[in-house]
Structures are given as structure tokens and as C-alpha cells.
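Structure at a glance
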Amino acid sequence: MGLVGPNGAGKTTLIKILATLVQPDAGVVNIAGYDVRQAQRKVREIVGYLSDVPGLYQDMRVVEFLEFFADAYHVRGPRKAVVIEQALRIGGLTDRRKEFVEQLSLGFKQRLLLAKTLLHEPKVLLLDEPATGLDPLARIELRELLKQFNRNGGTILVSSHILSDLQDICDRVALIAAGRNAADPEGHSILVLNGQTGERITCEVEVLGEAQEASQAACAFAGVKILDRQGQSFLIEVAGGPAQVAALLRHLVGSGISVLRFDTRRSALEDRYRRAFGEGRR
Amino acid sequence: MNPMIRKELRQRMRDRRAWLLPSLYLLVLSATVVLSYYFSAKESSDPEFLRRTQGADVGTAFFLTAAYAQLAVLLLIAPVFSSGGLTIEKEQRTLSALLTSLLSPTQIWWGKLVTALLYQTLLLISALPILALAFAFGGVSPQMVGAVTGTTLLILTTISSVGLYCSSFFRRSVHATAVTYALVIGMMLMTAIASALFSAGTREFVQWPLYLNPFFTLTVSLSTEADHLRSWLISLSLFLALGSLAAVLAVRNISRSGESA
């Protein structure tokens, strides 16, 4: 699940509340049934937290750093060595285990932090801007690591300003502004992404001839909304997920429209973010 | 073993200061006692002085010089080791990782205190041979060495606890260190000034402000008089109370420092 909103929206505060670092002023916050105020220790056992500006002990070796946090999470006995080896492997740091942290590149430091966060095998990851400062390759690797964690049954709450990353890894994205739930013009405070039922997919369509007739045909299809129309092209939003998009394409062709191009826009989250937080809506 | 202690010791002993500081400390202490002995030996070239002076007097003077010099140097060093303990975690942004681990605020505080104290104990122990040189002249008992070492250690524990409290309160090491030094100087100077002011105009020496003066505490620890023994115990209790209060407040601050972590 992603968490997006303008600067000062309260994303970091919300993540800190979930990580038991900050006490909420009011309300109830539960993670896996545990109240973050009453059962802090239980919450810490199941949560892995990575802060927005994470720090490292630069004068420790990679393996010493992981050993320290394994001890701090009470990972003991033979399991400790196994868990550390696993963390080194996940972070791609096996060959760098003896290196001092200060010798690592930014990408490897971020891998080390993520490896540390996964040491105690948490069920929930709370990540605040995890890709800040990473080069494109490191970002791709981070996304792959998170997807793998998710495939293994873990839950991730990630706050990020890099919407394309969220688009890639999140099933849902929550909108937040001024410390409260925000919503797009349609009233959705949680946007469903990536093929989930109820997802709203933005499509760019180019047809032979005027777009007027084609857009009218598209409008006749359930769950379609015209966002923009220019010359031979028009932009639409389809509710219902990929199956609905495929059905719409069949409908257009079946209606005798000569479709030259039909693209689902990968930056749909950007459009929806702009509509939710654009001028006049902050 | 508390993981904090292992981590702190590893980092501290890797630091160049780990061997530089004990070397400098022993150098300063040795220089002080050698100079003190040189001047007393120079004075003793006077035959009349030699006739009156016993070896025990030289031994006691030698021992007291070493004990006071040791306390003075350690009071200068103690804030450096404690007041940066928690602020460094804030400055390098590692406190949030500690607070979200299964380490309790008390374990974090204890790890920092023990490491600071272990290093200061190392300095104390390394200076024992210098103190023990006084045995060669006589006039000094092993109990006196024990009392000096124990009292100095308790004073350093209190100063370290106060330093850690400052470290838990401030965000930056420079502020925490400055305030800790101000408190240490206050304990040394303000208590003496207060005692002098209260004593002025009265026939009696008002000593209660000195109960929190490290040098007064060390002085009464060496006496066998009942009055001084009472003052020593009161003084030690006050140091213990101050250290405990600072510890409780520091642990409370650590547990509430998630927002700034």
C-alpha cells in the first residue's frame, strides 16, 4: 500500500505512529490486532521500519552492523547466523560483509538498511521514502526486493514521492493531506492500482478520423469517463480493471471505430494525484 | 550481554582516542606527581626541614597530589564520554532504529552509561600504579587507595548519568557537552562559593553546600574522624540521588524521543 500526499501532509508522522515512535493524539491504531500504544513490543516484533533519513554506524563492518541489530531484535543462537547470512544474501552484500559501512556506495547502504529491516523477519514493512537518493538501478533492485517480500506474504506500507515506483509496487494508494484522509474529485481516498478489481485505468486512444464519434462510442460503455479530447486522440478513464479495458477495446472495434493506438498509461497514478492535489484542491 | 554495550565498546575501542586518551591521561598524572615530588624534594634540601619531615609525610603528600589530580582530570574527561552518548545517535539518525528494535529505553541508557564508565574505570585502574607509588614512602594505607578509587568512581558515575541526561534532552552534542561542563564547574565552584558566603559572618564553617563538591567528598573520604565519615556518607548519598534522578529523567526522555528520532 502506498501513501501519497503533498509535503507536510503527515505521511512521516503516520508512519512514525505505526512504528511506535510517536504517540497518536487521538484515535486507535492497530497493526495485526495489536494496539500501537498498548502493545508496543508486540508491534515492534512484527514491524520493520525504515525512516526517511535513515542512519548507519559508519565505523562498523557490514556484518557487525547486522549482528548488532540481530541482537537488538533478540535473534539468538544458531538462528542468528542463518538470519544474518540470509540478510546479506537479500541485500547482495555477501562479498562485502567485512567492509566498513562508510566504504559502501549509497545504493549498498540502502540495501544494508533494508537487510537490517528484514533481519527479524517482520510481517509488515513501514518504509518512509525508501528510494530517496538511489540511482535508477538501485531503485529497480529495491522494487524487486519489495515485490519479493510481498510475494512471500508480507505487507508493505510505503510513502514516496516517486509515483512511478508506487505504481509499480502498490496494489492500493492512500491519499493524505494536512494530517487527514484526502480524496480525488470522485471521492476516492484509496486508489486501487495494478489490475485490482475496482482499479481505474487511464487509456489514451487514437483513431482514424475525428475523435468525436469514437469518444461517444466509448462513453456508451459502462464505467468510461472522457478526460480530454484533441483532434484524433482522446483520453479516457475506465473503471473496473484490465478486463474492462480489453472489453472496451473490443466494443470500439465492434462499433466500427478504426483504432490506430490504444495505450494504457503507466503514469495513471500521476494523473490521479494531479486531480486529487492539483491547483485549487490542496 | 546488552548489545548496546558490545556495540559501544567495539566502536569506542576502534577510535584513535581509545589509546591516545589513556596515554595523555597517564602522562598528565605522572607529570603532576613528579613535579610535586621534585618541589618537595627541593624543599627538603633544607636540613631543618629534613629533620622535621618523615617519609610518611612525603608519601601522604604524594598520594593526595595524585588523588586530586586524578579527580580533576577525570572530571574534565567524564562529560566528553557521556554527554555525546545519545546526541550522537540523534545526529547520525540511528536513534529511530534503536527505538523501534526490541531494546528498551533502559537498555539503551544502561549500555551508554556502562560504556562511558568502563572507559573511565580503565583510566582509574591504569593510574593505580601511580597512586601505589606512595606506598614506597609510607603514610598511605590500602584502605585509603580503596576509598579514593571508590569515591572517584561514584562521582564519575553521577557525572556520567548527568551527562547522559543532558544528552537525552538536547539534540546536539555540542549543547549537551557545554551544559554538562557548566554543571560540573557549578558543582566545583558554586558549592565552594556558596559555602564561603554562608560561612562569612558566622563563627562556624558551613559545609552543607559542599556535599555536592567532588573535591570535598574526596577529602572527607580520606579522614577517619566520625564527623568526616558522616559528611562522606551524606555526600555519597547526595551524589547517588542526583545520579539516580538523572537516570530516571534520561530514560523517560529516551522513551519520548521518537518524534525527533
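Residues numbered from 1 in each chain as written. Chains lettered and ligands numbered in written order. Predicted model: local features only at pLDDT ≥ 70, side-chain atom pairs only at ≥ 80, totals over all residues.

**Quick word on helix H3 (residues 62-72) of chain A**
Residues and elements named next belong to chain A.
- In terms of burial, H3 is largely enclosed, as 10 of its 11 residues are buried.
- Of the residues making up H3, those classed as buried are Val62, Glu64, Phe65, Leu66, Glu67, Phe68, Phe69, Ala70, Asp71 and Ala72.
- Following H3 by one or two positions, histidine 74 adopts a phi angle in the positive range, close to 60°. (Buried ≥ 20, exposed ≤ 12 C-beta atoms within 10 Å, placed from the backbone. Helix = DSSP H or I, 4+ residues; strand = E, 2+ residues; numbered from the N terminus.)

**A look at the confidence of the model for chain B**
- Averaged over every residue, the pLDDT of chain B is 89; residues scoring 70 or more account for 95%.
- Predicted complex metrics record ipTM = 0.85 and pTM = 0.83. (pLDDT = per-residue confidence, 0-100.)

**A few points about the domain arrangement of chain A**
Residue and element names in this part refer to chain A.
- What the domain assignment reports for chain A is domain 1 (2-182) and domain 2 (196-277).
- Each of domain 1 and domain 2 was reduced to a C-alpha centroid, and the two centroids are 37 Å apart.
- Broken down by secondary-structure element, the contributors of at least two residues to the side of domain 1 that touches domain 2 are helix H7 (163-169) and strand E7 (172-177).
- Residues of the side of domain 1 that touches domain 2, tallied by class, amount to eight nonpolar, two polar and one charged. (Domains from an automatic or database assignment. Nonpolar A, V, L, I, M, F, W, Y, C, P; charged D, E, K, R; others polar.)

**Quick word on the interface of chain B and chain A**
- Listed by partner, the interface residues are 17 residues for chain B and 23 residues for chain A.
- Those elements that provide at least two residues to the side of chain B that touches chain A are helix H1 (3-14) and helix H6 (95-99) of chain B.
- Among the elements that line the side of chain B that touches chain A, the one with the most residues is H1(B), at five residues.
- Residue classes in the side of chain B that touches chain A are distributed as five nonpolar, seven polar and five charged. (Contact = placed C-beta atoms within 7 Å.)

**Focus: the packing of H3(A) against helix H5 (residues 106-118) of chain A**
All names here are of chain A.
- Running from N to C, H3 and H5 point in directions that differ by 25°, and their axes come no closer than 9 Å. Comparing the axis directions of H3 and H5 gives the class roughly parallel. You can see that H3 and H5 cross each other, and the crossing is right-handed. On H5, the residues that touch Val62, Phe65, Leu66 and Phe69 of H3 are Leu112, Ala115 and Lys116.
- When the residues that make up the contact of H3 with H5 are grouped by side-chain class, the tally is six nonpolar, no polar and one charged. (Axes fitted to C-alpha atoms, helices over the stretch in contact; angles between N-to-C directions. Parallel < 35°, antiparallel > 145°, perpendicular 65-115°, else oblique. Left-handed = near helix turned anticlockwise from the far one by under 90°.)

**Some details on the sheet that holds strand E10 (residues 200-207) of chain A**
All names here are of chain A.
- One open sheet accounts for four strands, arranged E11-E12-E10-E13; its pairing is antiparallel. If you trace the sheet from one side to the other, it starts and ends with strand E11 (224-230) and strand E13 (259-264), each paired once. Strand-to-strand twist across the sheet, computed as the mean angle between neighbouring axes with direction ignored, equals 20°.
- As defined by bridge partners, E11 adjoins strand E12 (residues 233-239) across six bridges and the pair is classed as antiparallel. The partner of lysine 225 across the bridge, within E12, is glutamate 237.
- Packed on one face of the sheet, helix H8 (residues 211-219) meets E10, E11 and E12 and runs near 170° to E11.
- Set on the sheet, helix H9 (residues 242-254) makes contact with E10, E11, E12 and E13; between it and E13 the angle comes to about 170°. (Pairing = 2+ DSSP bridges.)

**Some points on the pairing of E13(A)**
Residue and element names in this part refer to chain A.
- Of all six residues in E13, zero are buried; the element is thus mostly exposed.
- Summarising the sheet, E10 and E13 pair through five bridges and their orientation is antiparallel. From the neighbouring strand, valine 205 faces E13, where its bridge partner is phenylalanine 262.

**Quick word on the nonpolar core**
- In this structure, Leu18(A), Leu66(A), Leu126(A) and Ala66(B) are the most contacted members of the largest nonpolar core, which totals 114 residues.
- A per-element tally of this core places helix H4 (residues 55-82) of chain B first, with 11 residues.
- Looking at this core, you find at least three residues from each of domain 1 (2-182) and domain 2 (196-277) of chain A.
- Setting aside its immediate chain neighbours within four residues, Leu18(A) contacts Val29(A), Ile31(A), Val36(A), Leu126(A) and Leu157(A). (Core = buried A, V, L, I, M, F, W, Y, C linked by C-beta atoms within 7 Å.)

**Overview of the environment of Arg274(A)**
- Inspection of the secondary structure assignment puts Arg274(A) in helix H10 (residues 268-277).
- Once the C-alpha coordinates of Arg274(A) and Arg143(A) are considered, the two residues, 131 residues apart in sequence, prove to be 23 Å apart.

**Thoughts on the environment of Ser83(B)**
All names here are of chain B.
- Along the chain, the position of serine 83 falls in the loop between H4 and helix H5 (87-91).
- Along the primary structure serine 83 and threonine 180 are separated by 97 residues, whereas in three dimensions their C-alpha atoms are 6.8 Å apart.
- When sequence neighbours within four positions are dropped, the list of residues in contact with serine 83 reads Gly163, Cys166, Ser167, Ser173, Ala176, Thr177 and Thr180.

**Focus on H1(B)**
- Here H1(B) is 12 residues long and its end C-alpha atoms lie 17 Å apart, about the 16 Å a rise of 1.5 Å per residue gives.
- Those residues of H1(B) not exposed but buried are Pro3(B), Met4(B), Lys7(B) and Glu8(B). The arc enclosing the buried residues of H1(B), seen along the axis, measures out at 125°, which places them on a common side.
- Next to the buried residues of H1(B) lie H3 of chain A together with helix H7 (105-126) of chain B. (Expected span 1.5 Å × (residues − 1). Arc of directions from axis to C-beta.)

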